[in-house]
Amino acid sequence: MRGDPLAGTASHGVVWVLIEYRGGWPLNGFDGLDLEPGTKAIVLSAAKAARARVLLVRRPGPRRREGENHWGVLHHGNSGAYRQQWGTWSRDEDLAEIATALGTAGELGHPPVILVCTHSQRDQCCAVWGRPVGRALSERWPELVWECSHVGGDRFAGNVVVAPDGVYYGNLSAEASVATIEEHLAGRIRAEYLRGYTDLFPAQQAAVAATLARFGPAGRHDYVVAATSRDGDYWRIRIAGSPPHPARLDVEMQARHAPPRQLTCRGPAMSSAVVYELISIRAV
């Protein structure tokens, strides 16, 4: 592990397509599956139009060999108005229903989904660190937890995404993952393992994480980014809080490049990640 700061590293996006697939996952996930070409094209075109992330999923533990596979379309809405739509598939052609689901609002009231990256073909670190996390979380919340294909940030394995909440966590051990998700589901997001919120851009994610670190845990929508300005590598982000949290804060951040190092366990190339350092937080 490189030891880069977590904050500001969540992949941007507010729509997820989950496709249960029990066979081996190719390096490029759904794109690499040997499926009926027309159906695959329909799914990929609809996902691109919706700016949705397509992930392969499976339940942790021994792979089931019988029964239908599931698919899900999850939308992140404002102020917690999250929507989901689920279906099953046994033939490739059944997956075309995903395109229809992406064009509809979906249903309210579903519990969130806990996704644990275990995509070993992408990077072995994800499997080494992710599978124990998936097992631990599945023992606690068996109906909510799925292993998933690449979500970004392999160097932060074990990686967990709570969707459609749109919250990324990283550097999780099995023990830390249970405590972190338990707090999350109780409406208390902590900064310690937080990579960011997927509806925000990196500097904004880092500003919210700094706010949580300074003032303590808060619910997913207790802090809202109200304004953002930038001057070169310097960012000023105004955050509005709901009671009992501070009402208005100005957070100043500076972006810098970390020294080049190996990005992942598998990646041979050296790279330099952008990190965000807190300069100040003040009430306004």
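Since this is a predicted model, take the numbers as computed values, not measurements.

So, unusual backbone geometry
Following alanine 163, the chain continues to proline 164 via a peptide bond in cis, the omega torsion being 0°. If you trace the backbone, proline 164 turns up in the loop between strand S7 (160-163) and strand S8 (167-169). Cis geometry marks the peptide bond from proline 243 to proline 244, where omega comes out at 5°. For proline 244, the location among the structural elements is in the loop between strand S11 (234-241) and strand S12 (248-257). For arginine 51, which is not glycine, the phi dihedral falls at a positive 55°. Position of arginine 51 among the secondary structure elements: in the loop between helix H1 (37-50) and strand S2 (53-58). A relative accessible area of 74% means that arginine 51 is categorised as exposed. At asparagine 171, a residue that is not glycine, the phi angle is positive and equals roughly 60°. Positionally, asparagine 171 belongs in the loop between S8 and helix H4 (174-185).

A few points about the packing of aromatic side chains
For the structure on display, the rule yields 1 aromatic pair. Here tryptophan 86 and tryptophan 146 contribute two aromatic rings whose centre-to-centre distance is 6.4 Å and whose plane-to-plane angle is 15°, an arrangement assigned as stacked. Of this pair, tryptophan 86 sits in strand S4 (residues 83-89) while tryptophan 146 sits in strand S6 (residues 145-148), and the two are 60 residues apart along the sequence. On the basis of relative accessibility, which here comes to 30%, the residue tryptophan 86 falls in the partly exposed class. What makes tryptophan 146 buried here is its relative accessible area of 4%. Seen from the ring of tryptophan 146, arginine 59 lies directly overhead, with NZ or CZ sitting 3.7 Å from the centre. Lying over the aromatic face of tyrosine 197, arginine 220 brings its terminal NZ or CZ to 4.0 Å of the ring centre.

Notes on the nonpolar core
Generally speaking, soluble globular proteins have nonpolar side chains that are buried together. Ranked by size, the top nonpolar core spans 37 residues in total, and within it Leu137, Val160, Tyr169 and Leu212 carry the most contacts. A per-element tally of this core places helix H5 (residues 202-215) first, with 7 residues. Ignoring any residue separated from it by four or fewer positions in sequence, one finds leucine 137 in contact with Ile114, Val116, Val145, Val160, Ser177, Val178 and Ile181.

A few points about helix H3 (residues 124-140)
Relative to the 24 Å expected for 17 residues at 1.5 Å per residue, H3 spans 25 Å between its end C-alpha atoms, a close match to the ideal helical length. Within H3, the axis deviates most sharply at glycine 130, by approximately 35°, and proline proline 132 lies no more than four positions further along. Listing the buried residues of H3 in full gives Cys125, Cys126, Ala127, Gly130, Val133, Gly134, Ala136, Leu137 and Ser138. Those residues of H3 that are buried are in contact with strand S5 (113-117), S6, S7 and H4.

Side note on the packing of H3 against H4
At a closest axis distance of 8 Å, the pairing of H3 and H4 adopts a crossing angle of 45°. Here H3 lies oblique to H4, going by the angle between them. Read as a crossing pair, H3 and H4 show a hand that is right-handed. Between H3, through Pro132, Val133, Ala136, Leu137 and Arg140, and H4, the contact on the second element is made entirely by Ala174, Ser177, Val178, Ile181 and Glu182. Partitioned by chemical class, the residues of the contact of H3 with H4 number 7 nonpolar, 1 polar and 2 charged.

As for the sheet that holds strand S9 (residues 194-197)
The 9 strands are arranged S4-S3-S1-S2-S6-S5-S7-S8-S9 in an open sheet whose pairing can be described as mixed. If you trace the sheet from one side to the other, it starts and ends with S4 and S9, each paired once. Strand-to-strand twist across the sheet, computed as the mean angle between neighbouring axes with direction ignored, equals 25°. Across 3 bridges, S7 lies against S8 in antiparallel orientation. Opposite valine 162, over in S8, you have valine 167 as the bridge partner. Strands in contact with H4 are S5, S7 and S8; relative to S8, the strand with the most contacts, it is inclined by about 160°.

Rules and cut-offs
Residues numbered from 1 in each chain as written. Predicted model: local features only at pLDDT ≥ 70, side-chain atom pairs only at ≥ 80, totals over all residues. Heavy atoms only, no water. Helix = DSSP H or I, 4+ residues; strand = E, 2+ residues; numbered from the N terminus. Buried < 20%, exposed > 50% of the residue type's maximum accessible area, 1.4 Å probe, protein only. Phe/Tyr/Trp six-rings, centres within 6.5 Å; stacked < 30°, edge-to-face > 60°. Lys NZ or Arg CZ within 6 Å of the ring centre and 35° of its normal. Core = buried A, V, L, I, M, F, W, Y, C linked by side-chain atoms within 4.5 Å. Contact = heavy atoms within 4.5 Å. Expected span 1.5 Å × (residues − 1). Bend = angle between axes of the 7 residues up to and from the residue. Axes fitted to C-alpha atoms, helices over the stretch in contact; angles between N-to-C directions. Parallel < 35°, antiparallel > 145°, perpendicular 65-115°, else oblique. Left-handed = near helix turned anticlockwise from the far one by under 90°. Nonpolar A, V, L, I, M, F, W, Y, C, P; charged D, E, K, R; others polar. Pairing = 2+ DSSP bridges.

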